[in-house]
Amino acid sequence: MRDRAGAGWEIAVGTQEDLMTSTLDPAGAPDFPMPRADRCPFDPPPAARGLQEEAPLARVRLWDGSTPWLVTRYAEQRALMADPRVSADVTRPGYPSQVPIPPGGTGISFILMDDPEHGRLRRMVTGAFTVKRTEILRPAVQRIVDEQIDAMLAGPNPADLVQAFALPVPSLVICELLGVPYADHDFFQDNSKILIRRSAEPADRHAAQRALSGYLDELIGTKLERRGDDLLSGLADRVEAGELTRSEAAQMGVLLLIAGHETTANMIALGTLALLRDPDQLALLRESGDEPAVVASAVEELLRYLTITHSGRRRVALEDIEIAGQTIRAGEGLIMANDIANRDASVFPDPDRLDLTRNPRRHVAFGFGVHQCLGQPLARLELQVVYRTLYRRIPTLALAADVEDIPFKHDGSVYGVYELPVRW
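Residues numbered from 1 in each chain as written. Predicted model: local features only at pLDDT ≥ 70, side-chain atom pairs only at ≥ 80, totals over all residues. Heavy atoms only, no water.

Let's shift gears to the packing of aromatic side chains. Applying the stated criterion across every chain yields a total of 5 aromatic pairs. With 6.3 Å between their ring centres and 40° between their planes, F42 and Y305 make a pair best called tilted. With F42 in the loop between α1 (16-22) and α2 (46-54) and Y305 in helix α14 (residues 292-306), the pair connects residues that are 263 residues apart, well separated along the chain. We classify Y305 as buried; its relative accessible area is 6%. A cation over an aromatic ring shows up here: R304 above the ring of F348, its NZ or CZ 5.4 Å from the ring centre. We note K409 situated over the ring of Y418; from NZ or CZ to the ring centre the distance is 5.3 Å. (Phe/Tyr/Trp six-rings, centres within 6.5 Å; stacked < 30°, edge-to-face > 60°. Helix = DSSP H or I, 4+ residues; strand = E, 2+ residues; numbered from the N terminus. Buried < 20%, exposed > 50% of the residue type's maximum accessible area, 1.4 Å probe, protein only. Lys NZ or Arg CZ within 6 Å of the ring centre and 35° of its normal.)

So this is what it looks like as C-alpha cells:
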C-alpha cells in the first residue's frame, strides 16, 4: 500500500536516527524479524525499508542474540545468493537460524545443504517440476479449481476463502502429484502449520517433524510394495536402486508436501485480498483472462508485491567477502530480505504500487541461484489457473469483513491470512 510518502510513514522500530547509528554496529542492531505497519498489511516492515534506504547491508539481532547481516538491496542479494563462498548449510556455525536446530540436525532437507549433496538430492526430483512436465498438469489443475469453486458456490455464503478454496486447491494438486491420499489432508496441514510457525515450541515442532516423517516413511514403504504413477513412486525406485535411503526419500516427501501446499495457499488468499482491495487492478486481470501472457505477468507482479517468504533466505559466509564497501567475515550469517529487495526502487519503479501492467519478472520471490525454489513452475501454473478463473466465475466476489479484522500470519515463516471471509 502506498503509505510511505511524507509524515504518514513512520518507523515501526526505533527512529530514523537510531537506524542510522545501528546500521553497521552489532551492539545497536535492531531485532529481526520486524513488525509490519497495521495499516499496510501488504508492505514489508517500515523499519526494514528504513535500513534499506541507509545501506545495502545492516546488522540485525535474532532470537538467540546473534547479529547477522541483513542484505537489504536487490543487487547485493542476487550477487550473494549466486556466490559459491556463501553456504545454505544450516548446521554450519554462524548460520542465522529462525528457530533452534534439533540435535543432530534431525529432519534437515536438501534445501538446507550445500553441493554436492544438495545437487545430488535435488536432481532426484527436478524432472517432475520442469516447465514442460508441469504444463501437462494444467488440465488437471483447471479441473480441481473448477470443482472447488463449484463446491464453494454450493456452500455457505459468506465463506472463508482459505478453507473453502485457497487451501484445498494446492493440497489436492500436490497430493495428486506426490501420490499422497487427500483424505489425510487435515493431518499433514495441521503438522505443517506447526513447522512453519516461528512461535511454536521446539518440542511441538520436533513432534510435528517426526509425525510427518513417519507418515511419509509409511507411504514410501507402500510405494516400494506397489508402485503408482506419482513422484513418491519415483523416489521408491531410487531407494530400491540404492541411490537414496528410505529416510532421505521420506524427508524429501515432507519438504515437497509442505512446500507444495502452504506457499501457494497463502498466495491464493493474500493475492485475492490484495486484488479485492484494488478494484482497478482486479478489473484488469478479470478482463484479460483469455490472454495467457497477461495472466502470467500478473502472477509475477503479485509474487513480487506480496513476497510471502518474508523472513528472508538464510546463509552463512564461508570466506571473507567484500561487497558494497563492507567486509563480510567468514562465519558471519546473512539474511536475504527478499520482501524489501522486491520493493527496491532502483529495479522496480514505484515499488509500493501493485501494477499488473509492469514487467516484474526479475523479482526474487523464489530466491536466486542454485537454491532457488524447485517448485516454482508448479506454483506459477496453479496461480495462473486460479487468478484466471476465480474472479471471472465469481464476478461479485467481495470481502465479508473489514481488513482490520482479518487475522494475518505475522508469526509464520510464510506470510498470509489465517481466514479470509468473502461473499458473492
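Moving on from the model shown.
Take the pattern of salt bridges next. Close approach of charged atoms allows side chains with opposite charge to pair. Considering all chains together, one arrives at 25 salt bridges under this definition. Between R143 and E147 there is a salt bridge; the shortest N-O distance is 3.7 Å. Placement of the pair is R143 and E147 together in helix α6 (residues 138-153), with a separation of 4 residues, close to one helical turn. You can call R143 partly exposed: its relative accessible area is 37%. Because the salt bridges share partners, they merge into one network encompassing D43, R49, R343 and D352. (Salt bridge = Lys/Arg side-chain N within 4 Å of Asp/Glu carboxyl O.)

This next bit is on the environment of E322. Looking at the element boundaries, E322 is found in strand β6 (residues 321-323). Spatially, the C-alpha atoms of E322 and S311 are 24 Å apart, while their sequence positions differ by 11 residues. In this structure the side chain of E322 is engaged in a polar contact, spanning 2.7 Å, whose partner is the side chain of T327. (Polar contact = N/O pair within 3.5 Å; in protein donor to acceptor, adjacent residues only side chain to side chain.)

With that settled, consider the nonpolar core. Counting residues in each nonpolar core, the largest one holds 90 residues, and the members touching the most others are F165 and L273. By residue number, the principal contributor to this core is helix α12 (residues 246-276), which donates 16 residues. Sequence-distant contacts of F165, that is, excluding residues within four places in its chain, are made with V145, Q148, I149, M152, I268, V386 and L390. Formed by 17 residues, the second largest nonpolar core is a distinct cluster that contains V71, A317, I323 and L334. (Core = buried A, V, L, I, M, F, W, Y, C linked by side-chain atoms within 4.5 Å. Contact = heavy atoms within 4.5 Å.)

Ordered in space as β4-β10-β9, the 3 strands form an open sheet in which the pairing is antiparallel. Each edge of the sheet is formed by a strand with only one pairing partner; in this case those strands are β4 (159-160) and β9 (398-399). Where β9 and strand β10 (residues 421-423) come together, 2 bridges link them in antiparallel fashion. Bridge pairing in β10 links L399 to V422. (Pairing = 2+ DSSP bridges.)

End to end, α14 covers 21 Å across 15 residues, agreeing with the expected 21 Å (1.5 Å per residue, within 8%). What α14 keeps buried is the set V295, A296, S297, A298, V299, E300, E301, L302, L303, R304, Y305 and L306. If you follow the buried residues of α14, they end up packed against α12, α13 (279-287) and α16 (376-393). Just beyond α14, the residue with positive phi is T307, at close to 40°. (Expected span 1.5 Å × (residues − 1).)

Glycine aside, residues mostly have negative phi angles, and peptide bonds mostly take the trans form. Here the bond from D115 into P116 is cis, since omega is 10°, no more than 30 degrees from zero. Geometrically, the link from N157 to P158 is a cis peptide bond, its omega value of 10° lying close to zero. Along the chain, P158 turns up in the loop between α6 and β4. Phi at A324 takes a positive value of approximately 55°, unusual for a residue other than glycine. Locating A324 in the fold gives a position in the loop between β6 and β7 (326-328). The partly exposed category is assigned to A324, whose relative accessible area is 40%.

Take the packing of helix α4 (residues 117-126) against α12 next. Two numbers describe how α4 lies on α12: the axes approach to 11 Å, and their chain directions differ by 70°. In terms of axis orientation, α4 runs roughly perpendicular to α12. From α4, E117, R120, L121, M124 and V125 reach across to α12, where they touch E248, M252 and L256. (Axes fitted to C-alpha atoms, helices over the stretch in contact; angles between N-to-C directions. Parallel < 35°, antiparallel > 145°, perpendicular 65-115°, else oblique.)

Let's shift gears to the environment of V239. Mapping V239 onto the fold places it in helix α11 (residues 231-240). Separated by 170 residues in sequence, V239 and K409 place their C-alpha atoms 37 Å apart. Leaving out residues up to four positions away in the same chain, V239 has contacts with L224, L244, T245, R246 and A249.

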